[in-house]
Amino acid sequence: MALIHVENLEKSFKDIKVIKGLNFELEAGKCVALIGANGAGKTTTLKMLSGLLKPSHGSICFEGVKKRDDIRKLIGYLPQHPVFYDWMTASEFLEYAGKLSGLSTMEAKQRSYELLELVGISDARNKRISKYSGGMKQRLGIAQAVIHRPKLIMLDEPVSALDPFGRREVLELLEKLKDEATVLFSTHILNDAEEVCESIIFLHKGQIIESGTMNEFREKYQQSKIDLVFQESPEVYLNALTDHPEVISIQVEGYKASILVNDLNAVKGLVLNMAVQGDWPLYKYEISSITLEDVFMKVVGK
Ligand code: ATP
C-alpha cells in the first residue's frame, strides 16, 4: 500500500526551475533510495516532502491524512549536515527533541533510552555530544529523527561523510529502521543503495529518469558481462574477441576488462578456452550481471 503520493511536484528558485514535475509513490514499510549526482535536486525534494520547503507546484499526499492535519508527526528528517547542541549529552538531547515533538517527559525518557540502544550508542549516553565521532553523531541524528515514531523517515546523504566503518554501521541501522517505518534516503553511493533498498529513484537535473526495483532493472537492462582481471594490460589478449558477433563491447580500465555480451553461452566457454590455450596471465574470471552503477551510466546517457 502506498504511504505517500507525489504528483507533478515542482520547485523554482527565482525563475530557475530545479525540480521539474516529479511523480512517484512510496510504499509503506519499504526502503527507497533517491539517487542523483550533485545538484540533481535530492535535498530540495526531501525538504519539500518534509515540509521545510514549499513546492512551487504539485501535491504531496499522505494516505489517509486530511489537508489540515499536521504531517510533521508522520515525518522524521535527518538533514545532510545535522546540528546538535554539543554541550548536551546524547540522553539530554534526545529527551529534549522528544519533548519538542510532543512526547511527555516520561515518554521522552523511555523512548530516548530505547533509541540509544537501537542505534548502538547507549554506552555513551551520558557523554557530551562534542566528544562524539562523526559516526556517533550520525547515529544520534537518526535517533532524533525517529524519536516521535514517524511513519516516514527521510535521511539526506546519511553515510556520505563517514569512513567505511561508520558507513557500515549506519547502513546496518537503516536495515533495522525498516521495521519501524518507511525509509527514504538520498545518496550518490550506488553500492549502498543496492545493498539496503527495495527500490530506487534516479533523479537527474530535477527529473526522475528511472525508478524501480533492482530486479526490474535487471530485467529491463538485461545484459551479461564477463569481468576479467589480468596481471598486465589485457588489450593484446582480447583483440580476437572484438569482432565476435555476440560481443557488444569490451571496456578496459588498467588491468581490468569487462566484456559485455548478447549471448553469454556463446562467449563464456570461448573466453575460458582462449585463456587456457593462450596461457593468459589472469587473476580473475567472473560472470556478473548488471549493477546499479551500470544502470545509472545507461540512464544518464554516459
Ligand atoms: P548535492 O548532492 O550536491 O547535495 P542535490 O541533489 O541535493 O545536490 P539540491 O541541493 O537539491 O541538489 O540542488 C538542486 C539545484 O537547486 C542546484 O542547482 C542548486 O544550486 C539549486 N538550489 C538549491 N537550493 C537553492 C536555493 N535556496 N536557492 C537557489 N538555488 C538553489
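Residues numbered from 1 in each chain as written. Predicted model: local features only at pLDDT ≥ 70, side-chain atom pairs only at ≥ 80, totals over all residues. Heavy atoms only, no water.

S.K.: So what's going on with the overall build of the protein chain? Which residues, and what values?
M.R.: Secondary structure summary: the protein chain contains 10 helices and 13 strands in total. Seen through its C-alpha atoms, the protein chain measures out along the principal axes to roughly 75 × 45 × 35 Å. Across the 302 residues of the protein chain, 46% fall into the buried class. Surface accessibility of the protein chain: about 16,100 Å² in total, with carbon and sulfur atoms responsible for 48%. Side chains of the protein chain give 37 positive and 41 negative charges; the mean places of these two sets differ by 9 Å. (Helix = DSSP H or I, 4+ residues; strand = E, 2+ residues; numbered from the N terminus. Buried < 20%, exposed > 50% of the residue type's maximum accessible area, 1.4 Å probe, protein only. Areas by Shrake-Rupley, 256 points an atom, 1.4 Å probe, with all protein chains shown as cover. Lys, Arg positive; Asp, Glu negative; His and termini not counted. Charge placed at Lys NZ, Arg CZ, Asp CG, Glu CD.)

S.K.: I'd like a description of the environment of Thr 105, backed by residues and values.
M.R.: Mapped onto the secondary structure, Thr 105 falls in helix α3 (residues 105-118). With 10 residues separating them in the primary sequence, Thr 105 and Glu 95 have C-alpha atoms 7.4 Å apart.

S.K.: Report on the site of the ligand, specifying residues and quantitative values.
M.R.: Neighbouring the ligand are Phe 13, Val 18, Ala 37, Asn 38, Gly 39, Ala 40, Gly 41, Lys 42, Thr 43, Thr 44, Gln 80 and Glu 157. A distance of 2.5 Å is found between an oxygen atom of the ligand and a side-chain nitrogen or oxygen belonging to Thr 44. Per element, the largest residue contribution to the shell around the ligand is three residues, and it comes from helix α1 (residues 42-49). Its residues placed into classes, the shell around the ligand shows four nonpolar, six polar and two charged. (Near = heavy atom within 4 Å. Polar contact = N/O pair within 3.5 Å; in protein donor to acceptor, adjacent residues only side chain to side chain. Nonpolar A, V, L, I, M, F, W, Y, C, P; charged D, E, K, R; others polar.)

S.K.: Requested: an account of helix α5 (residues 164-177), with residues and values cited.
M.R.: For α5, with 14 residues, the first-to-last C-alpha span of 20 Å sits near the 20 Å given by 1.5 Å per residue. Taken together, the buried positions of α5 are Gly 166, Val 170, Leu 171, Leu 173, Leu 174 and Leu 177. Projected down its long axis, α5 carries its buried residues within an arc of 160 degrees, all on one side. The outward face of α5, more than 90 degrees from its buried face, is lined by the exposed residues Pro 164 and Phe 165. Those residues of α5 that are buried lie in contact with α3, α4 (134-145), β6 (152-156), β7 (182-187) and α6 (190-196). (Expected span 1.5 Å × (residues − 1). Arc of directions from axis to C-beta. Contact = heavy atoms within 4.5 Å.)

S.K.: Got a sec to walk through the side chain of Glu 157? Specific residues and values, please.
M.R.: Structurally, Glu 157 is set in the loop between β6 and α5. Residue classification places Glu 157 among the buried residues on the basis of a relative accessible area of 6%. Among the polar contacts listed, one links the side chain of Glu 157 to the side chain of His 188, at a separation of 3.3 Å. With residues near it in sequence (within four places) discarded, Glu 157 still touches Lys 42, Gln 80, Gln 138, Ser 186, Thr 187 and His 188.

S.K.: Give me the lowdown on the sheet that holds strand β1 (residues 2-13), citing residues and values where you can.
M.R.: If you walk across this open sheet you meet the three strands as β2-β1-β4, and the pairing is antiparallel. In this open sheet, the two edge strands, each paired with only one partner strand, are β2 (16-27) and β4 (57-62). Averaged over all neighbouring strand pairs, the angle between strand axes comes to 15 degrees, with direction disregarded. Across nine bridges, the pairing between β1 and β2 is antiparallel. Looking at β2, one finds that Phe 13 is bridged to Ile 16. Across the sheet, α1 touches β1, β2 and β4, and the angle it forms with β1 is around 120 degrees. (Pairing = 2+ DSSP bridges. Axes fitted to C-alpha atoms, helices over the stretch in contact; angles between N-to-C directions.)

S.K.: Pulling in residues and values, what's your account of the nonpolar core?
M.R.: Of all hydrophobic cores here, the largest spans 52 residues; its most connected members are Ile 35, Leu 140, Phe 185, Phe 202 and Leu 292. Those residues within four positions of Ile 35 in sequence are excluded, and the remaining contacts are Lys 42, Thr 187, Leu 190, Ala 193, Ile 200, Ile 201, Phe 202, Leu 203, Leu 292 and Phe 296. Ranked by size, the runner-up nonpolar core spans 23 residues in total, among them Phe 24, Val 32, Leu 34 and Leu 203. (Core = buried A, V, L, I, M, F, W, Y, C linked by side-chain atoms within 4.5 Å.)

S.K.: Outline the domain arrangement of the protein chain, supporting the account with residue identities and numerical values.
M.R.: Taken domain by domain, the protein chain holds domain 1 (2-218) and domain 2 (223-300). Centre-to-centre, using C-alpha coordinates, domain 1 lies 39 Å away from domain 2. Each partner contributes residues to the interface: domain 1 has 13 residues there, and domain 2 has nine residues. Interface of domain 1 and domain 2: buried area, both sides summed, is about 950 Å²; carbon and sulfur atoms make up 80% of it. Per-residue buried area on domain 1 facing domain 2 is highest for Leu 190, Phe 202 and Arg 218; these three make up 42% of the total on that side. The tally of links from domain 1 across to domain 2 stands at one residue pair in polar contact (both at pLDDT 80 or more). The residue makeup of the side of domain 1 that touches domain 2, split by class, is nine nonpolar, one polar and three charged. (Domains from an automatic or database assignment. Buried area = accessible area lost by both parts, 1.4 Å probe.)

S.K.: I'd like to hear about the pairing of strand β8 (residues 199-204), residue by residue, with values.
M.R.: Relative to β8, strand β3 (residues 31-35) runs parallel, the two being bridged by four bridges. Following the sheet pairing, Val 32 is matched in β8 by Ser 199. In this sheet, strand β9 (residues 207-213) lies alongside β8 in antiparallel orientation, the contact comprising six bridges. Bridging from a neighbouring strand, His 204 pairs with Gln 207 of β9.

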